[in-house]
Amino acid sequence: MINKEKFLLKSYELGIIKFGEFTLKSGILSPFYVDLRPLASSPELLSELSQLLLAMLKDCRHELICGVPYAALPMATAMSLESKVPLIIKRKESKNYGTKKMLEGIFTEGQRCVLVEDVITSGKSLLETIEEVEKEGLKVKDIVIVLDRQQGGKELLENKGYNVHTLFSIENVIDILYNHEFLNHSKVIKIKNFLKERPTVQFSVPRLTYEEKLKLQNHPISKKLIEIALSKKTNLIASLDTYKSEEILKLADQIGDFIVAIKLHADIITDFSENFVYELKKIAAIKNFLLFEDRKFGDIGNTQQMQFNGGVYKISDWADLVTSHVIAGEESLQVFGEEIGVVTIAEMSSKGTLTDENYKSKAINISSKMSNVIGCVAQSKLPPSLLLFTPGVNLTESEDSKGQQFNTPEKVFSDYHTDFIIVGRGIYRAKNPEQEAIRYKEEGWKAYLKNC
Ligand code: 5IU
């Protein structure tokens, strides 16, 4: 397997990225300039690049490869030669003589075509290319991109339901070059500040409705969750992090009509028992909500399997949904089987969390591939086929004293397009939990409707 980092360092020597002061088309002064075209002049690097790009597509089915002109044309050609998947060529402008075709090459309607692009910025030009390719009757699902300039383009395409596979983000590139002493600390800070301050291109893509989301679901648990949300007009998950089982049962009875699920940490409960599970399941059946164990598995597959099925809690006997980290890789998630809905942790709500953009994007890639993963816990947008669960929601507090950061339901629906809000202390610590559950239910539903 080609080493991504070594590839980048060799490409850097070709001059694909330069540091200094560059005036961009928009007039903005940028501390770096990217141009991947020189890669085509190195057969060795072009071949390595094609292998790296193909590796990101190893689980995708596609019958054609198409490069976005011009920089990605040699890349797409190299990928085609390497994989033996036929290439088609998209024109920049249609010919005004002869066939007036936009796509050259042999293809038939309905074939799946992967698009190749060198750099994504706002994503606008790629979106135009996709539309043109789709107009010719081809299906586009996957897009491979060498470098994401982190200006909102990737998110734009993901919001439209495309799988976007990026080899590097500009931040990855900076980190690698810094680690190999091609950049000094002050330059890195300057570039990172530039990336942070520069406004990303924001597109107001409306979120999908629950009805639209339902059509994208294949797992019985994700379907069930959305059906409950629609029938009870709620997107609220109550996190009942209390010690006594009796208290949980009492709360479940009081708030059950206003929620889609109760989230538990079974290991907080001092008197956890089979009888407690039996009673809670009874209430869940009557009030029509699901049980969500926030176990946050984080070990190798074999251990996770034992923790899931065994021990005191026997989670697999009663939970409808369970959270898991993806830190141990995709095979560690297979052990949960297909019946339970797995919710992976792509991004945490706490201050200083290590779940940065890079981690999140890898976690999402794995989650999208797994048939038992129904969604992720995150604090930003996800591809629409995954359900987004957002904790750290509170109407009165903005943080606690232990690192938790809170947002309002309106913020997480408008900015992240969340699907389910998770509220803990806002409800179970309230003087009147029933009244607060109704308030969060109403605020959550209002925020959902407003942002559709
Ligand atoms: N939770 C978070 N943030 C996260 C993840 C889980 O708050 O990133 I992953 C859990 C922790 C707690 C609940 O069980 O969600 C939030 O409770 P409060 O609303 O009381 O903070």
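Look above for the structure.
In this report, the structure presented in the accompanying data block is examined. (Residues numbered from 1 in each chain as written. Predicted model: local features only at pLDDT ≥ 70, side-chain atom pairs only at ≥ 80, totals over all residues. Heavy atoms only, no water.)

To continue, consider the overall build of the protein. Assigned secondary structure in the protein consists of 18 helices and 16 strands. What you see for the protein is a C-alpha radius of gyration of 24 Å, in line with the 22 Å of a compact globule of 452 residues. If you line up the protein on its principal axes, its C-alpha atoms span 75 × 55 × 45 Å. In the protein, which comprises 452 residues, the share counted as buried stands at 52%. Taking contacts inside the protein between residues at least 6 apart in sequence as the whole, the part at least 24 apart equals 66%. (Helix = DSSP H or I, 4+ residues; strand = E, 2+ residues; numbered from the N terminus. Rg over C-alpha atoms; globule rule 2.2 N^0.38 Å. Buried < 20%, exposed > 50% of the residue type's maximum accessible area, 1.4 Å probe, protein only. Contact = heavy atoms within 4.5 Å.)

In this section: the packing of aromatic side chains. Applying the stated rule across the entire model yields 18 aromatic pairs. When the ring of Y210 is compared with that of W445, the centres are 5.7 Å apart and the planes differ by 20°; the resulting orientation is stacked. Taken together, the residues span a long stretch of sequence, with Y210 in helix α8 (residues 210-216) and W445 in helix α18 (residues 433-450) at a distance of 235 residues. Just as Y210 is buried, W445 falls in that class too. Relative to Y313, the ring of F272 lies with its centre 5.0 Å away and its plane at 85°, an arrangement referred to as edge-to-face. Of this pair, F272 sits in the loop between β10 (261-264) and α11 (274-287) while Y313 is found in the loop between α12 (301-309) and α13 (315-318), placing the two residues 41 residues apart along the sequence. Given the relative accessible area of 14%, F272 is considered buried. Within the aromatic cluster, the residues linked to one another by ring pairs are Y210, F292, F389, F413, F420, W445 and Y448. In this structure, R207 packs its charged tip against the face of Y210, placed 5.4 Å from the ring centre. (Phe/Tyr/Trp six-rings, centres within 6.5 Å; stacked < 30°, edge-to-face > 60°. Lys NZ or Arg CZ within 6 Å of the ring centre and 35° of its normal.)

It is worth spelling out the site of the ligand at this point. Close to the ligand lie 15 residues, the nearest being D241, K263, S349, Q404 and R425. The side chain of D241 places a nitrogen or oxygen atom 2.7 Å from an oxygen atom of the ligand. Here a nitrogen atom of the ligand and a side-chain polar atom of S349 are 2.7 Å apart. The protein chains hide 91% of the 500 Å² of surface that the ligand would expose on its own. (Near = heavy atom within 4 Å. Polar contact = N/O pair within 3.5 Å; in protein donor to acceptor, adjacent residues only side chain to side chain. Areas by Shrake-Rupley, 256 points an atom, 1.4 Å probe, with all protein chains shown as cover.)

Next up on the list: the sheet that holds strand β14 (residues 373-377). Taken in spatial order, the eight strands close into a barrel running β9-β10-β11-β12-β13-β14-β15-β16, and their pairing is parallel. Each neighbouring strand pair of the sheet contributes to a mean axis angle of 25°, computed without reference to strand direction. Pairing geometry for strand β13 (residues 341-345) and β14, over four bridges, is parallel. By the bridge assignment for β14, I345 is matched with V377. (Pairing = 2+ DSSP bridges. Axes fitted to C-alpha atoms, helices over the stretch in contact; angles between N-to-C directions.)

Another point: the packing of helix α1 (residues 4-14) against helix α6 (residues 170-179). Between α1 and α6, the least distance of the axes is 10 Å, while the angle of their chain directions is 85°. When the axis of α1 is compared with that of α6, the two are roughly perpendicular. Contacts between α1 and α6 involve E5, L8, L9 and Y12 from the former and V173, I176 and L177 from the latter. Taken together, the residues that form the contact of α1 with α6 break down as six nonpolar, no polar and one charged. (Parallel < 35°, antiparallel > 145°, perpendicular 65-115°, else oblique. Nonpolar A, V, L, I, M, F, W, Y, C, P; charged D, E, K, R; others polar.)

Here the focus is helix α4 (residues 124-135). The end-to-end C-alpha distance of α4, which contains twelve residues, comes to 17 Å, matching closely the 16 Å that a straight helix rising 1.5 Å per residue would cover. All of the buried residues along α4 are L126, L127, T129, I130 and V133. Buried positions in α4, seen along its axis, are confined to an arc of 160° and lie on one side of it. Residues of α4 that are exposed and point over 90 degrees away from its buried face: E128 and K135. Residues of α4 that are buried sit in contact with β4 (87-90), β5 (103-104), β6 (112-120), β7 (139-148) and α5 (153-159). Taken from the residues just after α4, G137 is the one with a positive phi, measuring 90°. (Expected span 1.5 Å × (residues − 1). Arc of directions from axis to C-beta.)

Let us look at the sheet that holds β7. One open sheet accounts for six strands, arranged β5-β4-β3-β6-β7-β8; its pairing is mixed. Both edges of this open sheet fall to β5 and β8 (163-169), since each of them pairs with a single strand only. Note: strand β3 (residues 64-67) against β6, four bridges, orientation parallel. Counted as the bridge partner of I65 is V114 from β6. Its contacts with the sheet place helix α3 (residues 72-83) against β3, β4, β6 and β7, and it is angled at close to 160° to β3.

Take the pairing of β3 next. Residues of β3 alternate between two faces, with L64 and C66 on one and I65 and G67 on the opposite face, all of them buried. Where β3 meets β4, three bridges bridge the pair, whose relative direction is parallel. Bridging from a neighbouring strand, G67 pairs with I89 of β4. Running through α3, the crossover from β3 to the neighbouring parallel element β4 is right-handed. (Right-handed = clockwise from strand over helix to strand, strands pointing away.)

Attention now moves to the pattern of salt bridges. Summed over the entire model, instances satisfying the criterion amount to 23 salt bridges. In this structure, E104 engages R91 in a salt bridge whose closest nitrogen and oxygen atoms are separated by 2.8 Å. Residue E104 is located in strand β5, and its partner R91 is located in the loop between β4 and β5; the two are separated by 13 residues in the primary sequence. The exposure class of R91 is partly exposed, given its relative accessible area of 26%. Notably, a salt bridge pairs K351 with E399, separated by 3.1 Å at the nearest N-O pair. Placement of the pair is K351 in the loop between β13 and α15 (357-369) and E399 in the loop between β15 (387-390) and α16 (409-416), with a sequence separation of 48 residues. Three or more residues joined by partner-sharing salt bridges are found here, namely K58, D59, E330 and K369. (Salt bridge = Lys/Arg side-chain N within 4 Å of Asp/Glu carboxyl O.)

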